[in-house]
Each structure stands twice: as C-alpha cells, then as structure tokens.
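Chain by chain, the residues:
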Amino acid sequence: MSDPLVVTVAPTGADTTRERTPHVPYEPEEIAAEARASAAAGAAVIHIHVRDAEGRPTMDLGRYRETVAAVREAAPGLLINLTTAGSWSMEEADRLAVVSLRPDLCSFDAGTLNFGDGVFLNPPPFLRVLAEACLEHGVKPELECFDVSHVEFCLRVAEEGLLRSPMWFQFVMGIPGGIAATPRNLLHLAGGVPAGSSWSAIGVGRAQLPMTSLAIAAGGHVRVGMEDNVMISRGVLATSNAEFVERAVETGRLAGRPAATPEQARAIVLA
Ligand code: ZN
C-alpha cells in the first residue's frame, strides 16, 4: 500500500526566463497567486526561488521573506521549501542564510556536478555546515540527488549524525551533467533509499511526464512546475503551474494514490 501522493510545485526556478515562457512567476505576488492555484489543484509543497527586479536569480533575504509571507497568506497550508542553491553560481554564505528563515524544508544539493556549461559546486565541507544549520533551525533538508553518488553521500552524512532519518530524497533526472532521465536510472536511485525514508522525482523538460508517472507507479512522490518544464504537451506552453499539478494529481488518482493533503504531506515529508 503506497502513501498518498505528495505533489511539490516548483513555479519559478533559476533558469526559466520570460523569453522561454511569459507565464513564469517572478514577483512575490505572482508566485503567491501560483501557490494558491497549485494548492487548490492538490499541491502540498512549494519549492521557492526568487528573482530580482530584472528577473535574475537572487539570494536576497528580504525578497525571500516577502515571498514567503505572500505565499503563506495565499495558501496557508502549503509546506514551504526554499532553495539553498538560488542558481548554480551563488556564494556559500548567501546559500546558508535562507535556512535562518526557518522554512519547513530547504534544498540540500547532495554533490558537485557539471550543470550545462557550468559547475554546480557543493563541496562536502559546505554540505556538512548546511546540514548543521538545518538541525539548528529545525528545517528538513530535501536531499536533491543529481546522481547515484549523491545518495551515497547522504547515507554517509546520516551515519555521521548530521542528517536525521527518515530522510526525504528528491531525484533530479535529466540535468545536462547529471544522471539521465531513464526508468532504469530512477529505479536504481529509488533502490538506494533506506527503508522508512521517502523519495520524490523531478524530470527535466520532456522527461517530466515519464519520470513523474514512473515515480507514482513505483511508490515515490513528484515535483512538477516551470522550474523543470514549461511545456504541458509538445509545442504547447503551460499557462499556469497548476496545469502541471492537475496532471500529476490525475495520474496519481488513476494509480490509486490520491493527492496528499498538506497535513498528510507534513507527516510523510517532515517525518
Ligand atoms: Zn530549485
């Protein structure tokens, strides 16, 4: 018997620009409106990145505070997950600072990888400090794994006592430089998750639908939204993040996994 399906919406991200889709939300009130519609469609968690006035990714704490307040007002039950990446090129101190805002969750990018033409640096000393900050502020780390060795790193850090079990993994499938979005790869990653811990999957671009559908069938959870994909079908832009949420919720329903309420999600994700 699988758990109800936890659907996370990631409405903005770092790399999705207005040139790619005019529908990506940048401003706090735009993100809040997408949060409200996504929650109504069945999302239980929102993963938040913020942008500056020019639409560039920023780790500005004021901007995070403003956005979190707007989202909490628009969608009170939604669990809040703040990025500690911002984009692949932010300073470590700025990445750590968002943990002090005490969201429900924050991303924990569990290893260094090539990211397109760049290098997304996540050295072990930084990750141990991030894990300690999460423990200190009572924030659940979402263990973003872009490859197999990232899962193994998390297990090692858990043994050191810096990550608490049960853990919450997020598998990022199909970043250029990360693990490819194939069924075999996703099932291999899921097989490395210790008993009692839970996992969710992201598929980038056209991999979103197959990877999330497989995750649902295999007992995992899903993340969808414009951070990962802007097309709802071939050549058709989604006009709202809620469209992706609706599709994930419907896929879950057909598979016998109704969408988790925020209360159920809290029990699964923050366990
Ligand atoms: Zn993100």
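Residues numbered from 1 in each chain as written. Predicted model: local features only at pLDDT ≥ 70, side-chain atom pairs only at ≥ 80, totals over all residues. Heavy atoms only, no water.

Visitor: What is the right way to read helix α2 (residues 61-74) from this model?
Guide: Structurally, the α-helix is built with 3.6 residues per turn, so residues lying three or four positions apart point the same way. For α2, spanning 14 residues, the distance from its first C-alpha to its last is 20 Å, which sits close to the expected 20 Å at 1.5 Å a residue. Listed as buried for α2 are R63, Y64, T67, V68, V71 and A74. Down the axis of α2, the smallest arc covering the buried residues is 130°, so these residues share one side. Tucked inside the fold, the buried residues of α2 contact α1 (28-41), β2 (45-48), β3 (50-51), β4 (57-58) and β5 (79-82). (Helix = DSSP H or I, 4+ residues; strand = E, 2+ residues; numbered from the N terminus. Expected span 1.5 Å × (residues − 1). Buried < 20%, exposed > 50% of the residue type's maximum accessible area, 1.4 Å probe, protein only. Arc of directions from axis to C-beta. Contact = heavy atoms within 4.5 Å.)

Visitor: Where do I start with the side chain of S197 in this structure?
Guide: With respect to the secondary-structure elements, S197 resides in the loop between α6 (183-191) and β11 (198-203). Judged by its relative accessible area of 13%, S197 is buried. Engagement of the side chain of S197 in a polar contact is seen with the backbone nitrogen of M167, the distance being 2.7 Å. (Polar contact = N/O pair within 3.5 Å; in protein donor to acceptor, adjacent residues only side chain to side chain.)

Visitor: Is there a simple way to think about the coordination of the zinc ion in this case?
Guide: Of the protein atoms, only H47 (NE2), H49 (NE2) and E227 (OE) coordinate the zinc ion, at distances of 2.0 to 2.1 Å. The sequence motif formed by the donor residues of the zinc ion is H-x1-H-x177-E. As far as the burial class goes, H47 and H49 line up, both buried. (Donors = N, O, S within 2.8 Å, 3.2 Å for Na, K, Ca; no water.)

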